[in-house]
Structures are given as C-alpha cells and as structure tokens.
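Structural features, examined
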Amino acid sequence: MKNLIKHIDPALEEIKSLSGYRPQRVRNLYDPLAIKPFKVSRSKLELFLKCARCFYLDRRLGVAQPPGYPFSLNNAVDSLLKKEFDGYRTEQKTHPICLVNGVEVVPFSHPDIDKWRDSLHAGIQCIVPNTNIMLYGGLDDVWINPKTNELMVVDYKATSKATAVTLDAPWQIGYKHQAEIYQWLLRKNGFIVSNTAYFVYCNGKADGNNFDGRLSFDISLLPYEGDAAWVESAVMNAYNCLRSDVMPSGSESCDYCLYLKAAQKHIL
Ligand code: SF4
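In short, a report on the structure. Bear in mind that the values here come from a model prediction, so they are computed numbers and not experimental data. (Residues numbered from 1 in each chain as written. Predicted model: local features only at pLDDT ≥ 70, side-chain atom pairs only at ≥ 80, totals over all residues. Heavy atoms only, no water.)

A short note on the overall build of the protein
- Summing up its helical and strand segments, the protein has eight helices and eight strands in all.
- Seen along its three principal axes, the alpha-carbon backbone of the protein occupies a region of about 60 × 50 × 30 Å.
- Sequence separation of 24 or more characterises 68% of the internal contacts of the protein that already satisfy a separation of 6 or more.
- Of the roughly 16,100 Å² that the protein leaves accessible, carbon and sulfur atoms contribute 55%.
- Computing the positive centroid from 31 side-chain charges and the negative centroid from 29, the protein places the two 6 Å apart. (Helix = DSSP H or I, 4+ residues; strand = E, 2+ residues; numbered from the N terminus. Contact = heavy atoms within 4.5 Å. Areas by Shrake-Rupley, 256 points an atom, 1.4 Å probe, with all protein chains shown as cover. Lys, Arg positive; Asp, Glu negative; His and termini not counted. Charge placed at Lys NZ, Arg CZ, Asp CG, Glu CD.)

Here it is in structure tokens:
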C-alpha cells in the first residue's frame, strides 16, 4: 500500500468535463475530523465491498468513476410497477402475482413509504453504531404479512433474456446485498422484518415477429433468504477505511484500473 495521496488543494475548483462529469469533486468528502453524520448510500457500500480503493477515491478524495448510461427502460418498468403496487396498497389487497405464488402479503402502508423510496432526497436511513456513518438507500417496496406483521423487502428488476430469470449469477450478489442492507435498515428503524425478500423480476419477451410499439414481459416472483449479519461490520470497515490516511489496495480484477495502467504506459 502506498502512503496517502497528494493533498487536495483547498482552492481547487471542481473540474467539470464537457460531458458534465466532474472528475474531481471538492464537496461531500469524508473529513476524519468532523463528527457530523456522513451519508453513505447502499450503492457506495457495495462499491466498498467491490474495491476499497475506489470507495476511498470517491468518498474521501472526491474522484468517482464516470457514471454509466441511465437505464431508462428499466426505470420505466420500475415506475409502472410502483404505480401498480400503490393501487393495491391503497386498497390493502394482495397483488395477483403474490396470490399466484401463494405469498400472503399486502403492500405495506406507512406514512414514510414515499420517503423510503426516494433515494435522492431521503431513503430509509440509520446512523450506524460507533461510527458517524449514516447508511441510507431508496428501496422499491415493502410488503407486510398481515397475520404476523412481518415486513418483507421487495425489489423490482427488469431484463430481457431467452432463459428463465434466476438469482444465481455471480454478479447478482449485489442484488442480494441490496435486499440485506434494506432488511438491516428497516430493523434498525424498529420494524420486524422477515429474512425473506422478494424480487419482482420482469423479463422482456424478444421472440415475437413484430415490435408494433409494444414490449411484453413475463413476470416472476423470486424469493431470497437474506442474512444481514454482515452489514454492520462492513460499514465499520468502510468507516475505518475512510478515517485512514493510507490508500487502500485496489481490486485486481477491475477492468478500469487495468485499462488505466495500460494507457499510462503510453501516456507518461
Ligand atoms: S480497481 Fe477498479 S474499482 Fe478499484 S480503484 Fe481501480 S477503477 Fe476503481
């Protein structure tokens, strides 16, 4: 590990590229001397799990990876599903996909549900004990079993593939972490939460003869048994990482850093 890092010039203006990407932020950086809560999103904790160096560069030094393209079609599916489940929430009725799968739940009605779903401005949040990290994230939905009063974390996913959707691919570990982080956050907010989370998985059908301006989906309800025991210690590790003045090691399997190393050989 290399010793930290060049000092960030306090007079540094935020650099903004023509695309709008800011390769160097000077705001929202972790300050080890500050005691006020520092917000770390669910996706930044996932980044820490993938690569502590990238997390450190982003949250402590203000250098974040360029964003990807927005998943507009997935967002449209999310938005329509939210509206659909909100209808069942208002009526406190079980959605047909749950009835077909024998899952006895109704969408949870709570005054803060819209706040919990708003990842940009609020989300469900909690200050993690023995840190000044406020962990937060915007969940898609929460269901409740009216007989047991247990809550269930729900996530909507959209894809298009010829085979049936599953949660078995190695890259889907992020989906599982996501469900477990929300289970942990809901419990810290005082709720009884089932270990079973549900993915409402929409698979766009591409086998028709014509498009005709329509894309139809097969919808599957996939249960996942979560275990959120890792969340608190992961946040503690991320907290210690942020407080250190030593640059952490990077992931050895990351294409971005391999690209950077190869490019630097030619540039420098
Ligand atoms: S290895 Fe990848 S994820 Fe880690 S710092 Fe480099 S670019 Fe970021």
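Examining the nonpolar core
- One finds Leu-135 and Leu-186 to be the most contacted residues of the largest nonpolar core, which totals 50 residues.
- Not counting chain neighbours up to four residues away, the residues in contact with Leu-186 comprise Trp-116, Ile-124, Leu-139, Val-142, Leu-151, Val-153, Phe-191 and Val-193.
- Counting 16 residues, the second largest nonpolar core, distinct from the first, contains Val-77, Cys-98, Met-152 and Val-200. (Core = buried A, V, L, I, M, F, W, Y, C linked by side-chain atoms within 4.5 Å. Buried < 20%, exposed > 50% of the residue type's maximum accessible area, 1.4 Å probe, protein only.)

Some thoughts on the site of the ligand
- With respect to spatial proximity, the complete set of residues near the ligand consists of Cys-51, Arg-53, Cys-54, Gln-65, Ser-251, Cys-254, Tyr-256 and Cys-257.
- Of all the elements in the fold, those that place two or more residues in the shell around the ligand are α2 (52–59) and α8 (255–267).
- For the shell around the ligand, the per-class residue count stands at five nonpolar, two polar and one charged. (Near = heavy atom within 4 Å. Nonpolar A, V, L, I, M, F, W, Y, C, P; charged D, E, K, R; others polar.)

Comments concerning helix α3 (residues 72–91)
- The first and last C-alpha atoms of α3 sit 29 Å apart over 20 residues, in line with the 28 Å expected at 1.5 Å per residue.
- Buried within α3 we find Val-77, Asp-78, Leu-81, Phe-85 and Arg-89. Projected onto a plane normal to the axis of α3, the buried residues spread over an arc of 115 degrees and lie on a single side. Facing away from the buried side of α3 by over 90 degrees, the exposed positions are Leu-73, Leu-80, Lys-83, Thr-90 and Glu-91.
- Positive backbone phi, at 55 degrees, marks Gln-92, one or two positions downstream of α3. (Expected span 1.5 Å × (residues − 1). Arc of directions from axis to C-beta.)

Read these as layout, nothing more, since geometry by itself doesn't imply function.
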